[in-house]
Amino acid sequence: MYDFQSGGDFERDLNLDELLTGIDKSRLISALNVLLDTTVGVVDDTGASVIGDNSSKTVDRVPLHGELEPVGFLQTRTAVPSERLSAAADLMQLILRCNARYLLASDIHLQTQRDDFEELQRRNVALQASEARYKKLSESLEIRVKEQVKTIEKAHLKLYRNEKQASVGRLAAGVAHEINNPLGFIRSNVATAASYLESFYEFNALIDNGASSKDLRKVWEERELSLLLDDFKDLMKESLEGLDRIAKIVIALKGFSRIDQTETERADIDTIVRQICQVAESQWQQKAKLVLELSSENPIQCQSAQLGQVVYGLLGNAVDAIETNGIIRIRTAVRNGVVVLEVQDNGRGIPEAVLAHVFEPFFTTKEVGQGTGLGLTVCHDIVKEHGGTIEIVSQVSKGTRVTVNLPVQNAIQHSRES
Amino acid sequence: MAQYDESSQKLTIKLVYYGPALSGKTTNLMRLHDILTPDMKGELMIMETADDRTLFFDLLPLGFRAPSGLLIKFKVYTVPGQVIHDSTRKAVLSRADGVVFVADSQRTQSVNNGESFENLAANAARVGLDFQQLPLVVQFNKRDLPAILSEQEIMARWEKAPWPVLFSSALTGEGIIETFKALLAAVYRTCDRLYRLQSDHGLDCDSFIAQTLGGSLSSARG
Ligand SMILES: Nc1nc2c(ncn2[C@@H]2O[C@H](COP(=O)(O)OP(=O)(O)OP(=O)(O)O)[C@@H](O)[C@H]2O)c(=O)[nH]1
Ligand SMILES: Nc1ncnc2c1ncn2[C@@H]1O[C@H](COP(=O)(O)OP(=O)(O)O)[C@@H](O)[C@H]1O
Ligand SMILES: [Mg+2]
Ligand SMILES: [Mg+2]
């Protein structure tokens, strides 16, 4: 009997039993009995009985062909005319062939189904394996990416700190120049004053030697000692002013250099601006005029050294944007509870395409060694930390205005707390 | 490989007509069934759908006895050419002893021919057949149609290939026997090597072919 469950190899030769699968054998044999008008039996190619009565002796026998060879025989108990017998065999062969078609079709169907299923399972296993591989890979990738990001962040932080330090360095160079100037004239003033003292010592010696008041007056006038005395006073006054200026610069520098400052203090923006301008003056001296319009008045709670950095950075960019005959305007004001700081220049301006990138770390249009591309990044970060905003409006070859808004609420809150 | 059944003295050889859809594989088999007259010829079993597309396969059984008494039995199959029936094509191709690749000569069918040939190579590999060793004959069919590649064009393309290339018109039967003979010659070589047809069974190549074709054709062999 044909095994539908496991199916078979569609190429194998089917035996008679298999070929009769699904066929009502008793109906088949009774039909044959009636057609041939005798008792009919069917045996397979080994002689084993398959259907009908094959127990007693048979008279006639005709082969039933499978594909090529006989798969069995049709046999009768009594003689039957040969053409009727072969017609019956033919009929049966037609039935067997029909069934064979069906069996072969179901065989190959089952086989391809099984192959497809196995293929699917194989692919599924392969897929799961590769999925696991990718999962592992992506995990290790994630770790590697995190490490890389950390390294890059460290490097950035270092460069970022360097930029802050460098701005202090650049400032220090300017400061040296600023201090040198008063130092120069103080030294010369003091030297001149010291030389005046000689004349007075000589005059004092005349007094000690008991010179007459007439002689003394004569010498006083000859040596123009009154003039010397007036001049001496001027020299001292000028020197004191110079010293005051140096003191101021030192104070400004001291405040500005505290770049790692984290605690806030009460400071007013106008003072910060003035101090920065004072120490940085040498940077624009030849090519630009500085106009200060400062009216922020109230001190706010802030990190003053950091805000100094902002002013210094914006001022530096403005100076860099100017070729000659520039005007740099720094304005401060309080508008709607916000301290506004504006640095405006009439320099070359920023093209739109460049403007989109200026706050990005390391973005610079300046020559190597000139710009770090961190200036505005640092400014942005400091302003953000103060809860403020920074905006740039620019027109190519007309100039640039950078506006920093710092909320005063910040300051109020802090001052209430303290 | 051919199945050799020692106890019943039978060697079953499997031949497969492969190729793109509608190239004429089934028609080839029908012509073989009409023309061949070997000692044993089974009925042609055609399993196709109403629109004449082969669904599973077609099968033509043939056979004759070698002088030794060995029954040489051929099972000649066609595969379904339609792309979607690839699993069936693969199953029918497995264990093939020889293949006729039926190409369609029409110019418009060049791409289909190429894809089907690649599919044959790929499926041969999947079912573990050594494509380089496999007896293979290439048949360009439908020579009777107008818009076809010329023989020169075809030969220029196939001249470097190791397989015999034949031209046919299955509709009229032209070239069908020549193709089959070329395949039988190639198949004989491998079967003789494996089953010593000449020495053990007294069967040389010429009579192997002649007996497969049958009496009426054997005289026409050249
Ligand atoms: N003109 C012409 N038509 C042919 C020739 N051979 C086959 N055909 C026709 O092409 C059509 C397809 O032939 P088949 O033999 O069924 O093609 P097949 O390769 O078995 O197709 P599938 O079973 O779908 O793979 C039929 O209409 C055939 O009559 C030929 O040599 N010339
Ligand atoms: N006031 C300005 N005028 C014109 N361009 C400016 C101005 N401020 C900034 N930029 C542009 O923005 C870029 C980035 O500025 P910044 O972050 O300070 O870096 P750096 O000054 O080191 O280049 C500058 O290279 C310049 O192209
Ligand atoms: Mg800058
Ligand atoms: Mg077909």
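For the structure, check the block above.
K.L.:
What should I look at first to understand the overall build of chain B in this one?
P.N.:
Secondary structure assignment for chain B yields eight helices and nine strands. A buried classification covers 56% of the 222 residues belonging to chain B. The contacts in chain B between residues at least 6 apart in sequence include a share of 69% that link residues at least 24 apart. Total accessible area on chain B is roughly 9,500 Å²; 51% of this is exposed by carbon and sulfur atoms.

K.L.:
Can you help me understand the pairing of strand β8 (residues 136-141) of chain B in this one?
P.N.:
Looking down a regular strand, the side chains alternate between one sheet face and the other. All names here are of chain B. Summarising burial for β8: six of the six residues are buried, a large majority. On β8, burial covers both faces: Leu136, Val138 and Phe140 on one face and Val137, Gln139 and Asn141 on the other are all buried. Strand direction decides the pairing type here: strand β7 (residues 98-104) and β8, joined by six bridges, are parallel. Residue pairing across strands places Phe101 opposite Val138, the latter belonging to β8. Since β7 and β8 lie parallel, the crossover through helix α3 (residues 110-126) that links them has a hand, and here it is right-handed. Alignment of β8 against strand β9 (residues 165-167), held across three bridges, turns out to be parallel. Paired with Gln139 across the strands is Leu166, a residue of β9.

K.L.:
Can you walk me through the sheet that holds strand β4 (residues 70-76) of chain A in this structure?
P.N.:
Pairing between the strands of a sheet is mediated by backbone hydrogen bonds and can be parallel or antiparallel. Residue and element names in this part refer to chain A. Overall, antiparallel pairing links the four strands, which are arranged β2-β1-β4-β3 in an open sheet. Every interior strand has two partners, whereas the edge strands, β2 (49-52) and β3 (60-65), have only one. Averaged over all pairs of adjacent strands, the angle between strand axes in this sheet comes to 25 degrees, irrespective of strand direction. Where strand β1 (residues 40-44) and β4 come together, five bridges link them in antiparallel fashion. Residue pairing across strands places Gly41 opposite Gln75, the latter belonging to β4. Contacting β1, β2 and β4, helix α2 (residues 25-36) runs over the sheet at an angle of about 125 degrees to β1.

K.L.:
Would you explain the nonpolar core in this entry?
P.N.:
One broad rule of soluble globular proteins: the nonpolar side chains tend to lie buried together. Leu74 and Met92 of chain A together with Phe57, Val99, Phe117 and Leu120 of chain B are the most contacted members of the largest nonpolar core, which has 57 residues in total. Top contributing element to this core by residue count: helix α3 (residues 82-208) of chain A, with 10 residues. Filtering out sequence-adjacent residues up to four positions away, Val99 of chain B remains in contact with Val16, Tyr18, Leu93, Leu120, Leu134, Pro135, Leu136, Val137 and Leu183 of chain B. Grouped together as the second largest cluster of nonpolar side chains are 41 residues, Ala267, Val310, Leu314 and Val408 of chain A included.

K.L.:
Can you walk me through the coordination of the magnesium ion (ligand 4) in this structure?
P.N.:
Ideal values differ by geometry: the angle at a metal is 109.5 degrees with four tetrahedral donors, but 90 or 180 degrees with six octahedral donors. Residues and elements named next belong to chain B. Binding of the magnesium ion (ligand 4) to the protein goes through Thr26 (OG1) and Thr54 (OG1), at separations of 2.0 Å. Of this pair, Thr26 sits in helix α1 (residues 25-35) while Thr54 sits in strand β5 (residues 54-65), placing them 28 residues apart in sequence. For the residue pair Thr26 and Thr54, the accessibility class agrees, reading buried in each case.

K.L.:
Looking at this structure, how should I read helix α9 (residues 375-385) of chain A?
P.N.:
Because the α-helix completes a turn every 3.6 residues, residues three or four places apart line up on one side. Considered for burial, the residues of α9 of chain A that qualify are Leu376, Thr377, Val378, Cys379, Ile382 and Val383 of chain A. Just past α9 of chain A, the residue Gly387 of chain A takes up positive phi, approximately 75 degrees.

K.L.:
Just to check I follow, could you spell out the site of ligand 2 for this structure?
P.N.:
Residue and element names in this part refer to chain A. Taken together, 17 residues form the shell around ligand 2, and within it Thr364, Thr365, Lys366, Thr372 and Gly373 come nearest. With respect to ligand 2, the side chain of Thr364 contributes an N or O atom lying 2.5 Å from an oxygen atom. Coverage of ligand 2 by the protein amounts to 93% of the 540 Å² it exposes when considered alone. By residue class, the composition of the shell around ligand 2 is six nonpolar, nine polar and two charged.

K.L.:
Hey, could you run me through the site of ligand 1 in this one?
P.N.:
All names here are of chain B. If you check the shell around ligand 1, you find 20 residues, and the closest are Lys25, Thr26, Thr27, Thr54 and Gly81. Here Lys25 contributes a side-chain N or O atom positioned 2.6 Å from an oxygen atom of ligand 1. Separating an oxygen atom of ligand 1 from a side-chain N or O atom of Thr26 is a distance of 2.7 Å. For ligand 1, whose accessible area on its own is 650 Å², the fraction buried by protein is 83%. The element best represented in the shell around ligand 1 is α1, accounting for three residues.

K.L.:
What is the right way to look at the pattern of salt bridges in this model?
P.N.:
Side-chain pairs of opposite charge can arise where the charged atoms are in close proximity. Taken as a whole and judged by the stated rule, the model has 31 salt bridges over all chains. In this structure, Asp86 of chain B and Arg126 of chain B form a salt bridge, with 3.7 Å as the shortest nitrogen-oxygen distance. One end of the pair, Asp86 of chain B, is in helix α2 (residues 86-93); the other, Arg126 of chain B, is in helix α3, and 40 residues separate them in sequence. Residues joined in a network through salt bridges with shared partners are Asp13, Glu67 and Glu69 of chain A together with Lys10, Lys73 and Lys75 of chain B.

K.L.:
How should the side chain of Thr403 of chain A be read in this particular structure?
P.N.:
Residue and element names in this part refer to chain A. Inspection of the secondary structure puts Thr403 in strand β11 (residues 399-407). The buried category is assigned to Thr403, whose relative accessible area is 11%. Setting aside anything within four residues of it in sequence, one finds Thr403 in contact with Val340, Leu341, Glu342, Thr389, Ile390 and Glu391.

K.L.:
How do you make sense of the sheet that holds β11 of chain A when you look at a structure like this?
P.N.:
Residues and elements named next belong to chain A. On the basis of which strands lie adjacent, the open sheet formed by five strands has the order β6-β8-β9-β11-β10 and mixed pairing. Each edge of the open sheet is held by one strand with a lone partner, namely β6 (288-294) and β10 (389-395). Averaged over all adjacent pairs, the angle separating strand axes in this sheet is 10 degrees, with direction ignored. By the bridge criterion, eight bridges tie strand β8 (residues 326-335) to strand β9 (residues 338-345) in an arrangement that is antiparallel. Residue pairing for β9: Ile330 is matched across the bridge by Val343. Across the face of the sheet, helix α7 (residues 304-321) comes into contact with β6, β8, β9 and β11 while running at roughly 25 degrees to β9.

Rules used throughout
- Residues numbered from 1 in each chain as written.
- Chains lettered and ligands numbered in written order.
- Predicted model: local features only at pLDDT ≥ 70, side-chain atom pairs only at ≥ 80, totals over all residues.
- Heavy atoms only, no water.
- Helix = DSSP H or I, 4+ residues; strand = E, 2+ residues; numbered from the N terminus.
- Buried < 20%, exposed > 50% of the residue type's maximum accessible area, 1.4 Å probe, protein only.
- Contact = heavy atoms within 4.5 Å.
- Areas by Shrake-Rupley, 256 points an atom, 1.4 Å probe, with all protein chains shown as cover.
- Pairing = 2+ DSSP bridges.
- Right-handed = clockwise from strand over helix to strand, strands pointing away.
- Axes fitted to C-alpha atoms, helices over the stretch in contact; angles between N-to-C directions.
- Core = buried A, V, L, I, M, F, W, Y, C linked by side-chain atoms within 4.5 Å.
- Donors = N, O, S within 2.8 Å, 3.2 Å for Na, K, Ca; no water.
- Near = heavy atom within 4 Å.
- Polar contact = N/O pair within 3.5 Å; in protein donor to acceptor, adjacent residues only side chain to side chain.
- Nonpolar A, V, L, I, M, F, W, Y, C, P; charged D, E, K, R; others polar.
- Salt bridge = Lys/Arg side-chain N within 4 Å of Asp/Glu carboxyl O.

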